[in-house]
Amino acid sequence: MQLIFRGVRGSIPTPGSDTVVYGGNTTCIQLGHDPDELLILDAGTGIYALARQLDLSRRYRAHIFITHTHWDHIHGLPFFTPIFIPGNEVHLYGGRDPVTGEGIERCLRAQLQYSYFPIREAELKARLSYHTIPPREAVRIGAFTITPIVLNHPVLNYGYRVEHQGRSLFFTGDYEPPVNIYAPDDPSYAEHQGHIDEQGLAVDSAIAGVDALIVDSSYTDSEYQQGKQGWGHGTYQSALRMAYQGRVKNLFFTHHEPTRSDRQLDSIFADLKQRHAAAPFRMIMAREEQNYQLD
C-alpha cells in the first residue's frame with residue numbers, strides 16, 4: 001500500500017521559511033497507485049498540492065474520505081482542480097452531523113455559499129456524489145476496504161481503518177483520548193465511563209496490528225496540561241501509548257501544531273527516538289510529499 005502525505009499541519013496553513021522541511025499545508029493523505037482512481041483521506045490545503053501534480057488532460061475518479069468538517073480538514077476542497085473538469089467523478093464520504101442531522105454534502109455546499117466563494121456548486125463540471133456513511137460500515141473501493149470509527153473530538157470525527165491486499169493503516173483525523181469529566185461519585189460517572197469504554201474497545205480493535213498508525217500528535221504533555229484539555233487533540237505520548245498497545249509496525253506523528261517550526265519538530269523527534277529507542281515499531285514525523293510503501 002502506497003502512502004503519500006500531502007499535508008501534515010493542523011488548524012491553519014503555515015507557509016514560510018520555518019516550515020519548508022515538514023510542510024505547511026493542512027491535512028491530506030493520498031493512498032494507492034492507481035493513476036486514474038484517487039483515494040484521499042481529508043481535504044485540507046494539501047489536496048490542492050496533490051491536484052497541482054495531476055495530469056489534467058486525463059480523467060479521474062476521486063474518492064475523498066472526510067474525518068470531520070473543521071476547516072483545516074476541508075478548506076482545500078473547493079480548490080481541488082478535478083471538480084471543475086467535465087468527465088471527472090468526485091465521491092465525498094463522511095459522517096452525519098448529530099447536531100444538524102445533515103450528511104456530508106454540507107461539507108462542500110457550506111464552502112460554496114455566495115458569501116464565501118465565487119463559484120456555486122451548480123457550476124462545478126465534475127460529477128459529484130455524496131456518501132454519508134454510518135460508523136463501522138465498511139466501504140469497498142477496488143481492492144481497498146475503508147471502515148469509519150467514531151473518535152473523540154468536539155465535532156463528529158471519524159478515524160479510518162484502511163485495508164489493502166494484506167496491509168492496513170489507521171488514521172485518527174483529530175483525536176483526543178477521552179477522559180471522564182465526572183467525579184466517581186457523580187451519578188453521571190458510570191454512564192459516561194461506559195461510553196468511553198465502548199469507544200475504547202472499537203478503537204483498540206481498529207488499530208490492532210496495523211502496518212501504519214497515523215495519529216494526531218499536536219502537543220507535548222506540558223503543552224496539553226497548560227490549558228489545551230478539551231480542544232480535541234492528542235500528544236506525542238498519547239500517540240505512543242496507542243502504538244504500544246496496538247502492537248503496530250509504524251507510527252506516524254502528524255497534525256503538527258501550527259506554531260511548531262522545523263527545528264522544533266526535529267528536536268522533539270530526536271528526544272522521542274532517544275527515549276523510545278527500544279520501541280517495537282518505527283517512528284516517523286510525517287512530512288509533506290513523503291512517499292511510503294507499506295510492504
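Once a new chain begins, its residue numbering starts again from 1 and follows that chain's sequence as written. The predicted origin of the model limits local features to residues at a pLDDT of at least 70 and limits the giving and counting of side-chain atom pairs to 80 or more, whereas totals for whole chains, interfaces and linings rest on all residues. Neither water nor hydrogens contribute to the side-chain values; these are computed over all heavy atoms in the structure.

Q: Go over the nonpolar core with me, naming the residues and quoting the values.
A: Think of a nonpolar core as a cluster: buried Ala, Val, Leu, Ile, Met, Phe, Trp, Tyr and Cys residues, connected wherever their side-chain atoms sit within 4.5 Å. Note on exposure labels: buried denotes an accessible area under 20% of the residue type's maximum, exposed denotes more than 50%, and partly exposed covers the range between, all computed with a 1.4 Å probe on protein chains only. Residues Phe170, Leu213, Leu251, Phe253, Phe281 and Met285 are the most contacted members of the largest nonpolar core, which totals 28 residues. Helical segments are the DSSP runs of H or I of at least four residues, strand segments are the runs of E of at least two, and each set is numbered from the N terminus. Examining the composition of this core, we find that 5 residues originate from one element, helix α5 (residues 236-246), more than from any other. Apart from residues lying up to four places away in sequence, leucine 213 is in contact with Phe170, Ile207, Ala239, Met242, Ala243, Val248, Asn250, Leu251 and Phe252. Listed in part, the 27 residues of the second largest apolar core include Leu39, Ile141, Leu169 and Ala286. Any two residues having at least one pair of non-hydrogen atoms within 4.5 Å are treated as being in contact.

Q: Quick rundown of α5? Include the residues and the values.
A: The α-helix winds at 3.6 residues per turn, so residues separated by three or four positions along the chain end up facing the same way. For α5, the set of buried residues is Tyr236, Ser238, Ala239, Leu240, Met242, Ala243 and Gly246. Polar contacts, as counted here, are pairs of nitrogen or oxygen atoms within 3.5 Å of one another; within protein the pair requires one atom able to donate a hydrogen and one able to accept it, and residues that are adjacent in sequence qualify only if both atoms are side-chain atoms. One side-chain oxygen of the residue at the start of α5 lies 3.3 Å from the amide nitrogen of glutamine 237, identifying that residue as threonine 235.

Q: Requested: an account of the packing of α5 against helix α6 (residues 262-275), with residues and values cited.
A: The angle between two axes is taken between their N-to-C directions and runs from 0 to 180 degrees, where each axis is a line fitted to C-alpha atoms and a helix contributes only its stretch in contact. Packing of α5 against α6 leaves a shortest axis separation of 12 Å and a crossing angle of 40°. Our classification of the angle between α5 and α6 gives oblique. Both α5 and α6 take part in a crossing whose hand is right-handed. The residues of α6 that touch α5, namely those facing Tyr236, Gln237 and Leu240, are Leu265, Ile268 and Leu272. Just so you know the grouping, Ala, Val, Leu, Ile, Met, Phe, Trp, Tyr, Cys and Pro go in nonpolar, Asp, Glu, Lys and Arg go in charged, and all remaining residues, Gly too, go in polar. Split by residue class, the contact of α5 with α6 holds 5 nonpolar, 1 polar and no charged. Here roughly perpendicular refers to angles of 65 to 115 degrees, roughly parallel to angles under 35, roughly antiparallel to angles over 145, and oblique to all remaining angles. Handedness of a crossing follows from how the near helix is turned relative to the far one, being left-handed for an anticlockwise turn of less than a right angle and right-handed for a clockwise one.

Q: Kindly report on the side chain of aspartate 211, identifying the contributing residues and their values.
A: Its location among the elements puts aspartate 211 in the loop between α3 (189-207) and β11 (212-216). Among the polar contacts made by the side chain of aspartate 211, one reaches the main-chain amide nitrogen of serine 168 at a distance of 2.9 Å. Filtering out sequence-adjacent residues up to four positions away, aspartate 211 remains in contact with Gly166, Arg167, Ser168, Lys249, Asn250 and Leu294.

None of the figures reported here should be taken as evidence of function without further support.
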